[in-house]
Amino acid sequence: MNVATNPKTLSERRGTGIESYFCGHDGVGLHRDGGDGAAFARFKGLTLRSVFQPILDPRTHQAVAFEALLRATDVDGSSLPPPEAFARPQGADIVTFDRLCRTVHALNFARQAQAGDTLFLNVDARHLLSVGGGHGAAFEALLAQCGLTPDRVVLEILESGIDDLGHLAVAVEAYQRRGYRIALDDFGCRHSNFDRLWHLTPDIVKLDRSLIEQATHNRRARLILPRLVEIIHALGAQAVCEGIETAEQHQFAADAGADLVQGYHYARPALVLREN
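Residues numbered from 1 in each chain as written. Predicted model: local features only at pLDDT ≥ 70, side-chain atom pairs only at ≥ 80, totals over all residues. Heavy atoms only, no water.

Comments concerning the nonpolar core
In a soluble, globular protein the nonpolar side chains are often hidden away together inside. Cut-off, in case you're wondering: Take the buried Ala, Val, Leu, Ile, Met, Phe, Trp, Tyr and Cys residues and link them wherever side-chain atoms come within 4.5 Å; each set so joined is a nonpolar core. Throughout, exposure labels follow a simple rule: accessible area from a 1.4 Å probe, protein chains only, divided by the maximum for the residue type, with under 20% read as buried, over 50% as exposed, and the rest as partly exposed. To qualify as a helix, a DSSP run of H or I must reach at least 4 residues; to qualify as a strand, a run of E must reach at least 2; elements of each kind are numbered from the N terminus. In this analysis, two residues are considered to be in contact whenever any of their non-hydrogen atoms come within 4.5 Å of each other.
By size, the foremost hydrophobic cluster in this structure holds 70 residues, and its most contacted members are Leu 48 and Leu 207. For this core, the element with the most residues is helix H4 (residues 93-110), which contributes seven residues. Those residues within four positions of Leu 48 in sequence are excluded, and the remaining contacts are Phe 40, Ala 41, Phe 43, Leu 70, Arg 71, Ala 72, Phe 97, Leu 100, Cys 101 and Val 104. Ranked by size, the runner-up nonpolar core spans eight residues in total, among them Ile 55, Ala 65, Phe 120 and Ala 183.

What follows is the structure in structure tokens.
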């Protein structure tokens, strides 16, 4: 079995834990594309690949991080939306599928990343609830096989999908002790509330795209946006404005004091981190 990685170190990594970790699961495996060398995975009929969207400094317009996004195809070759792909695994498969996706992303990031680049990875909320303790330990070992360390990784958690706040707080603290940074994703959407910010002490808060959309059309929303950023900063976290699609929305985010921005205005998700 071949695993995509930097060609200079591929021979050193064959037969290592990153391969053996998944090969014991039926219908699951890591592979390398013979054309461009990209890593992909098979999971019980699904094919899993990576695309990346840059996250930028709004002042310099330079990419400082990249969010990995799943692209899944079914056994018949049809595309499967990520939420449907993540809903497929049940029981013990939830943890395996989540780690497999993140490992594919880490491999594809590592083979392209520049020094200082940060990788944002989504974590399935069900994974957090399925793991009893030691959050981040197994994935740290997998990251090492990719040539990465936890300090280069931000784990995105959709906290509104988790009702057990105590369990979530324990998981967040365990990840942070290992050097991962934690981002709360889609804050301001559905059940998100400030009470969770006080308890979870995230490193980054990603403001839901609906907030920037409202700021485009609603003066009151434009006034509230910088206040939200101020609160996030007061908690010692960085604020990311997602869903930026126009130059006007970029200016709203920059004026509000957002630390980072992300959206189609800058780039759509792509296989490569940077165009040559």
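Some words on helix H7 (residues 165-177)
Where we set the bar: Any helix carries an expected span of 1.5 Å times its number of residues minus one.
An ideal rise of 1.5 Å per residue puts 18 Å on 13 residues; H7 measures up with 18 Å between its terminal C-alpha atoms. Every buried residue of H7 is accounted for by Leu 165, His 167, Leu 168, Ala 171, Val 172, Ala 174 and Tyr 175. Against strand S6 (118-123), helix H5 (125-130), strand S7 (153-157), strand S8 (181-187) and helix H8 (194-200) lie the buried residues of H7. Directly after H7, the chain includes Gly 179, whose backbone phi takes a positive value near 105°.

Considerations on unusual backbone geometry
Phi at His 61 takes a positive value of approximately 60°, unusual for a residue other than glycine. You will see that Thr 201, though not glycine, has its phi angle at about 40°, which is positive. Structurally, Thr 201 is set in the loop between H8 and strand S9 (204-207).

Overview of the confidence of the model for the protein chain
Keep this limit in mind: The predictor's confidence in any single residue is recorded as pLDDT, a number from 0 to 100.
When pLDDT is averaged along the protein chain, the result is 88; 90% of the residues meet or exceed 70. Counting contacts from residues 1-15, a segment whose pLDDT is below 50, to residues more than four positions away or on other chains yields 33 contacts.

So, the packing of helix H9 (residues 209-217) against helix H10 (residues 219-234)
Quick note on the threshold: Simply put, an axis is a line fit to the C-alpha atoms, just over the touching stretch for a helix, and the angle between two N-to-C directions goes from 0 to 180 degrees. Any angle that is under 35 degrees is reported as roughly parallel, and any over 145 degrees as roughly antiparallel; angles of 65 to 115 degrees are reported as roughly perpendicular and all others as oblique. Left-handed describes a crossing whose near helix is turned anticlockwise from the far helix by less than a right angle; the clockwise case is right-handed.
Look at H9 against H10: their axes get within 6 Å of each other, and the N-to-C directions meet at 135°. Taken together, the axis directions place H9 and H10 in an arrangement best described as oblique. The handedness of the crossing between H9 and H10 comes out as left-handed. Judged by residue contacts, Leu 211, Ile 212, Gln 214, Ala 215, Thr 216 and His 217 of H9 engage Arg 219, Ala 221, Arg 222, Leu 225 and Leu 228 from H10.

Here's the deal with the pairing of S9
What counts, and what does not: In short, DSSP must find at least two bridges between two strands for them to pair.
Side-chain alternation along S9 places Ile 204 and Lys 206 on one buried face and Val 205 and Leu 207 on a second face that is also buried. Pairing between S8 and S9: three bridges, direction parallel. Counterpart to Phe 187 in the pairing with S9 is Leu 207. Here S9 runs beside strand S10 (residues 238-241); their pairing, made up of four bridges, is parallel. When the sheet's bridge partners are listed, Val 205 is paired in S10 with Ala 239.

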